[in-house]
Structures are given as structure tokens and as C-alpha cells.
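A look at the structure
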Amino acid sequence: MSSLSTQVLVIGGGATGLGIAWDAALRGLKVVLIEQSDIGQGTSGRHHGLLHSGGRYALSDPVSARDCASENRILRKIASHTIEDTGGLFVATPADPVDYPDRWVSACSQLNIPAEEISLSAMLEREPLLNPRISRSFLVQDASVDSFDLSHLLVKGIQEHGGVVLLRHRLESLIRHQDRLVEAKIIDLSNDKSLRLSANLFVNAAGPWAKTITTMAGVELPLALGKGTLVAMSHRLVNTVVNRCKPPSDGDIIVPVGTVAILGTTDVPVKEPTSLDIEPWEVDLLLAEGDLLLPGLRDSRPLRTWAGIRPLYQPADNGDTQTRALLRAHVILDHEETDGLQCFISVIGGKLTTFRLMAEEAVDLICDKLEIDQKCSTASTPLPHESGQFLSLPSRLEKLERQHPLATTDQIVCECELVLRGDIELALEKSAAGTELDDLRRDLRIGMGPCQAGFCAFRTYAISSEYYSSPPSLKGLHNFLYERWKGIRPVSWGSTLQQMEFSRRIYLDLLAAGPKSEKRS
Ligand SMILES: Cc1cc2nc3c(=O)[nH]c(=O)nc-3n(C[C@H](O)[C@H](O)[C@H](O)COP(=O)(O)OP(=O)(O)OC[C@H]3O[C@@H](n4cnc5c(N)ncnc54)[C@H](O)[C@@H]3O)c2cc1C
């Protein structure tokens, strides 16, 4: 078994862990981050993609609202290329409490969250599909953020400053020496080899898995998990984020992201970080609530569904069983103070929007504990940006149009998201051993468009087979298609069902790619 040592070991490669490792690396600390799968596989790749203006929590959770508002301003400066400035609207429909907008706008003004009331005609000019019976409408500074791109840039930032990111490395156990955490036993899942890593400080940033990590260290963590289901509509029905102007509840937001519009979300208490099953009532509710904002939405085509799990801090004195009622603000626990265990902290809760602030506070504490005097510089350090690597659909289209059609040597592999063969080959070249189709999806968006991997999955699989000396197992292709199928199944009616059946027949009948029992059916 090989062994390594570092100053800081970060467990978890979601936005929280990546932010902490980036901040620590920028301050000159020796840092290693381990992630059991690929970046963006946990909650950080399973949300709406909303860069909060703060408006959503102005009345229910002012601390979180204030944090979101200030981080929104910072992220627009340091990660501008991952953000689309869609703007946001808070609108009062006939179903919403009439006294709410006045209370809400005054809370926004107290928290310094810009919210400007606009006329209904101005609102409809901006978003013509909105319900004409909406009574009031406010403009806020919401935006949409691409968390896959953001995560990639954070990895690059960590590595550029000497930090190490180990993907497919899972923490198996933590070793204590009396009241001190001293070592982690880690398994490299790409080759099943074990590794021992000693560190001066261990950071638990495992999101919904955070309790599993503290259990390994023999301490308790008061964590509640809330599942949220989302539905992506196959068109970008709005260009502005649209929120209901009422207390946060199920189905109260629509976020335009890339070519789709995302309806969110529900909040269902669950026991496990893997409890991602979607229930029919959730889809019905999201479509019904969305229809109040955009009349006729129910007749538009839903593309797919997915769910994410919120890790929420639940102090012992809060017996609330409803996760919607728990605060969204983040918590940093020093286990020396809470449990008498030295060299171990947990960072939980918060929002993707506030990952940088969470990291700043966590690394301030780490520096205090390690007696290092280094100030945080992430608020003024732009994330590295490799032009042309992470491309939005419009810039991919522009790239294609710039090429003379006859001079095109690069083939289009995913027509929906305009991914070229060269993009895939480049991603394979840069990726770690054991890269799977789902990792390429997070890198390049293959399989995320309207046909949901009808064609690009087997083409990408073929390209990967040519690239690696021994062809990747068919299991990766099956898993990829199964994940797509799980997301489409809850909305399988109308044209979505037709598309699904069409893709199924391609895979089963043309390519014989199904499990043995299905090939015969
Ligand atoms: C439905 C939903 C919608 C949301 N919408 C928004 C939004 O629009 N805007 C916003 O700002 N926030 C949003 N959020 C909140 C935001 O997504 C989360 O706060 C944030 O992504 C949490 O990131 P994290 O890094 O703490 O957790 P994760 O992203 O889950 O990262 C934890 C990582 O730890 C890894 N890990 C676990 N165990 C181990 C182990 N043993 N060894 C190694 N690695 C391990 C996991 O694989 C995982 O990648 C939403 C949340 C949900 C659930």
C-alpha cells in the first residue's frame, strides 16, 4: 500500500470541496482533494443552475439571502464565463398571497438586494409567454450558472497552484490516534489499489454523504437530507429566471439554462444520499405550478427529470421533519469544539452560489488551526479560463459556421449539443484513466439534448473504443443509457415517449446493445 502526506485533505469534489481546495491552494497550503466518482456527480451537478440574487430567501432565511446577494456580485467577476446574465423576475400570480410582494420588497431593500418593480406590459414585453393575469412583477439579479464548467475551472485553478485532485478515489476509513484524526485509508477505484494518506487537517465536504464520513471518524453529524426533483422542458420557454413571489415552496421557479427551461423543485425528506427516485406526483405538481406561470406549459414537451439531495444542518433542538423548513445557510463544524476530536472539520449546507464564501470561512479556520497567516484572495482572483474548452451551444454553432463546409474534417457526433469528434478526442486525451461516457457528458454535454443520447452515445462509445488500447466495457454504455432512461421515464408520454421508443429500438434491434433478456423481446 502506498502512502502520501499533505497539510490538508479535502473529502468530496462537489462545489464545496473544490472551493475549499482552490482557496487553500491559493494561500500556498499543500492540499489533496479526493472524489469518489467524477466532479459534478453529487448535488453540485444536480440542481437548477440558479445563481441566486438572494431574493428567494429574503423573508424566510435572511442570512442565506445576504450571502447569496454578495456572492452573486463576486462570482460575476471571478467566474463570468460560467454565468449567463439572464436576469430574474419575481411575479405574483392570482394564486399567491396578495400581501407578500410588499413585505418581500421591503425585506430585499433592508438586505441590499436590488429588486425593481416593473409594469406588467414591460414584463410581458420581456417574457411574452408569462401569465397575463400576473398582478405584480419585480426585476432582480438572478442568473444561470453552468456548474460543470465552474467545477472544471476550479480543478484547473487547484492544479495550477500545486494542489492535487484525485478522481475515483474513495475514502474507506479514517484512523484516529486518541483524540486526533491522523490518517485516511483511500481506495483508487480505477485499479482497486489502496493508499494511506496522512494530513494535518481533514475536511469533510462530502455533501449528502457527510454523515458517512463523520461516522468513520466516530462522531455524530446532525444532518437532514431533502430530495428535490427537477424537470427540464425541451425548449427555452423563458429567457429570464422566473420566480413566484410567495414563500418558497414546491414548484415555484423556472430557470432558463442553455437550450432548455428547468422547472424546480420539490423538497422531500429522505434517508439516503442515493434516494433519487422520482415520484409521479412530483412531476405532476411541477407541471401544474409551471402552468400558472406560463399558461399552456403542460402541453409543451418535457425532456427529462432528475433529482438532487440537499445536505441540511439540523441542530438537535430543531425537531422539524420537513426539510423545506430548515435553513439554507451553511455551517462549519470544528469537531474539536463539538466532539473533542482534533484536526477534523465538516462544511455542510449552503448553496452552490455561496460555495466561495463557505470555502473562505473554512480555510480561515484551517489556517487558524494550523497557525498559518495567509489571507483569502478568491474574491479577487478570476478562475482560469481556457478559451474554447468549455463551450456554450451558440459558440459551438459559431465555430461550425466559421468552417467552410467542404473543409470540415471534424464530424458532428452529437447533433443536439453540437459536439464534434475532435471535442471528444481532446476530452479523452485530457481525462484520467477509466473515463466513462457519463464523465464525457459532464465535460461536453453529449446526450443532454432533445434526443437524449439516441445517436451520440454509441458514436462516442465507438470513438472511446478506438482511443483506448483495449475497448471500454459495454457496461459503461449500458449504465449511461440506463441513467438517461431513468430521467425520461417519469415524463414518457406524447412525443417524449415516441423519441424514447425510437432510441430503444436503435439500441436493442440495430445495435443489439441491450442486456440478453431484452435483446430477444
Ligand atoms: C434540487 C436542488 C436544487 C438546487 N438548486 C440550486 C441552485 O439553483 N442554485 C444554488 O446555488 N444551489 C442550489 N442547490 C444547492 C446546491 O446544489 C448545493 O448546496 C451544492 O451543490 C452542495 O455541494 P457540495 O459540494 O456540498 O455537495 P456535492 O456536490 O454532493 O459534493 C459532495 C461530493 O462528495 C463525494 N463523496 C461522498 N463520499 C465520498 C467518499 N467516501 N470519498 C470521496 N468522495 C466522496 C461525492 O461523490 C460528491 O461528489 C440545489 C440543491 C438541490 C438538491
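Residues numbered from 1 in each chain as written. Predicted model: local features only at pLDDT ≥ 70, side-chain atom pairs only at ≥ 80, totals over all residues. Heavy atoms only, no water.

Further remarks concern the domain arrangement of the protein. Often the size quoted for an interface is simply the accessible area lost on bringing the parts together. With domains assigned, the protein is organised as domain 1 (2-43 + 148-222 + 326-380), domain 2 (80-144 + 224-313) and domain 3 (393-520). Computed over C-alpha atoms, the centres of domain 1 and domain 2 are 32 Å apart. Residue-level contacts link 15 residues of domain 1 with eleven residues of domain 2. Approximately 1,300 Å² of surface area, both sides summed, lies buried where domain 1 meets domain 2, with 69% of it carried by carbon and sulfur atoms. Between the two partners, domain 1 and domain 2, sit zero salt bridges. (Domains from an automatic or database assignment. Contact = heavy atoms within 4.5 Å. Buried area = accessible area lost by both parts, 1.4 Å probe. Salt bridge = Lys/Arg side-chain N within 4 Å of Asp/Glu carboxyl O.)

Time to look at the pairing of strand 7 (residues 136-140). Within a regular strand, side chains alternate between the sheet's two faces. The pairing of strand 5 (residues 88-92) with strand 7 spans five bridges and is classified as antiparallel. Within strand 7, the residue paired with alanine 92 across the bridge is arginine 136. Where strand 6 (residues 116-118) and strand 7 come together, three bridges link them in antiparallel fashion. In the strand pairing of strand 7, glutamate 117 is matched with phenylalanine 138. (Pairing = 2+ DSSP bridges. Helix = DSSP H or I, 4+ residues; strand = E, 2+ residues; numbered from the N terminus.)

Okay, helix 15 (residues 494-510) next. Its 17 residues place the ends of helix 15 24 Å apart at the C-alpha level, agreeing with the 24 Å of an ideal helix rising 1.5 Å per residue. Along helix 15, the residues classified as buried are Thr496, Met500, Ser503, Ile506, Tyr507 and Leu508. (Expected span 1.5 Å × (residues − 1). Buried < 20%, exposed > 50% of the residue type's maximum accessible area, 1.4 Å probe, protein only.)

Turning next to the environment of valine 347. In this fold, valine 347 is placed in strand 20 (residues 344-348). A relative accessible area of 2% means that valine 347 is categorised as buried. Separated by 331 residues in the primary sequence, valine 347 and threonine 16 place their C-alpha atoms 7.6 Å from one another. For valine 347, the contacting residues outside a window of four places in its chain are Thr16, Ile20, Val203, Asn204, Ala205, Val331, Ile332, Met358 and Ala362.

Formed by 42 residues in total, the largest nonpolar core has its most connected members in Val10, Ile20, Val203 and Ile366. Examining the composition of this core, we find that eight residues originate from one element, helix 1 (residues 15-26), more than from any other. (Core = buried A, V, L, I, M, F, W, Y, C linked by side-chain atoms within 4.5 Å.)

Residues of helix 3 (residues 100-110) that are buried include every one of Tyr100, Pro101, Trp104, Ala107 and Cys108, and no others. Taken around the axis of helix 3, the buried residues stretch over an arc of 130 degrees, which confines them to a single face. Seen from the open side of helix 3, the exposed residues pointing more than 90 degrees away from its buried face are Ser109 and Gln110. Elements that come into contact with the buried residues of helix 3 comprise strand 5 and strand 7. Just beyond helix 3, the residue with positive phi is asparagine 112, at close to 65 degrees. (Arc of directions from axis to C-beta.)

To continue, consider the site of the ligand. Around the ligand lies a shell of 36 residues, among which Thr16, Glu35, Ser44, Leu50 and Thr353 are the nearest. Serine 44 is positioned with one of its side-chain polar atoms (N or O) 2.6 Å from an oxygen atom of the ligand. Taken by itself the ligand offers 1,000 Å² of open surface, and the protein chains cover 98% of this. Breaking the shell around the ligand down by element, the ones donating at least two residues are helix 1, strand 2 (31-35), strand 10 (169-177), strand 13 (223-233) and strand 18 (302-313). Here the shell around the ligand is built from residues that sort into twelve nonpolar, 20 polar and four charged. Residue contributions to the shell around the ligand reach at least three from each of two domains, namely domain 1 (2-43 + 148-222 + 326-380) and domain 2 (80-144 + 224-313). (Near = heavy atom within 4 Å. Polar contact = N/O pair within 3.5 Å; in protein donor to acceptor, adjacent residues only side chain to side chain. Areas by Shrake-Rupley, 256 points an atom, 1.4 Å probe, with all protein chains shown as cover. Nonpolar A, V, L, I, M, F, W, Y, C, P; charged D, E, K, R; others polar.)

A few words now on the pattern of salt bridges. Tallied over the entire structure, the rule returns 35 salt bridges. Here aspartate 252 and arginine 56 are joined by a salt bridge, their closest N and O atoms 3.0 Å apart. Separated by 196 residues along the polypeptide, aspartate 252 in the loop between strand 14 (241-244) and strand 15 (253-257) and arginine 56 in the loop between strand 3 (50-51) and helix 2 (62-78) bring together distant segments of the chain. Its relative accessible area of 1% is what places aspartate 252 among the buried residues.

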